[in-house]
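# Inside the fold
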Amino acid sequence: MPEAGPAQSGRRAPVGVVDDDASILRALRRLLQAAGFSVETFGSAAEVLSSSHLPRINCLVLDIHLGDLSGFDVHERLPDTLLPIPIIFITAHDTALTRERARLAGAVDYLRKPFDEKALIGAIDRALPRT
């Protein structure tokens, strides 16, 4: 079962990560926590959409292919009160169509797996509001 819940040691704005691959969730949690972010992880579309932690997340790293619903479906179903939450779409199944859908959805970035750690952290830094 993927880890979920607030990170206690994060100093920077809470970032949510949604991926149905538990090993990717663990790796991204460790990477982002090491970069100083508070991290919430979600293993499915349903898990993130029903989470009580969702309102405090300032950026969402969202896999496009989740199994039950797509990352695009999750984006479309986010409560109006949370929009516009900055989204970084990630995918191992890159196509021109998914790139275009991500662009039309207003994605801050679109990263193809495997992606460079610095690219992800840079995208999150661009997505988060300046304090």
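An account of the accompanying structure is given in this report. (Residues numbered from 1 in each chain as written. Predicted model: local features only at pLDDT ≥ 70, side-chain atom pairs only at ≥ 80, totals over all residues. Heavy atoms only, no water.)

Within the fold, Thr91 resides in strand β4 (residues 87-91). If we skip the residues at most four places from it in the chain, Thr91 touches Asp63, Ile64, His65, Tyr110, Leu111, Arg112 and Lys113. (Helix = DSSP H or I, 4+ residues; strand = E, 2+ residues; numbered from the N terminus. Contact = heavy atoms within 4.5 Å.)

Below, the discussion takes up the environment of Leu66. Here Leu66 is to be found in the loop between β3 (59-63) and α3 (71-77). On the basis of relative accessibility, which here comes to 4%, the residue Leu66 falls in the buried class. (Buried < 20%, exposed > 50% of the residue type's maximum accessible area, 1.4 Å probe, protein only.)

With that out of the way, let us pick up the packing of aromatic side chains. Enumeration over the complete set of coordinates arrives at one aromatic pair. Seen in terms of ring centroids, Phe72 and Phe89 are 4.8 Å apart; in terms of plane orientation they differ by 45°. Their pairing is tilted. With Phe72 in helix α3 and Phe89 in strand β4, this residue pair connects regions lying 17 residues apart in the sequence. The exposure class assigned to Phe72 is buried, which follows from its relative accessible area of 4%. For Phe89, a relative accessible area of 0% puts it in the buried group. (Phe/Tyr/Trp six-rings, centres within 6.5 Å; stacked < 30°, edge-to-face > 60°.)

Following both chains from N to C, one finds helix α1 (residues 22-34) and helix α5 (residues 117-127) inclined at 65°, their axes separated by 11 Å at the closest point. Judged by the twist between their axes, the crossing of α1 over α5 is right-handed. Residues Leu28, Leu31 and Leu32 of α1 form the contact with α5, whose participating residues are Glu117, Leu120, Ile121 and Ile124. Among the residues making up the contact of α1 with α5, the classes are represented as six nonpolar, no polar and one charged. (Axes fitted to C-alpha atoms, helices over the stretch in contact; angles between N-to-C directions. Left-handed = near helix turned anticlockwise from the far one by under 90°. Nonpolar A, V, L, I, M, F, W, Y, C, P; charged D, E, K, R; others polar.)

As a further point, take the environment of Lys113. Within the secondary structure, Lys113 is located in the loop between β5 (109-112) and α5. In this structure, the C-alpha to C-alpha distance between Lys113 and Thr91, residues 22 residues apart in sequence, is 5.6 Å. Excluding residues within four positions of it along the chain, Lys113 makes contact with Asp19, Ile24, Asp63, Ile90, Thr91 and Ala92.

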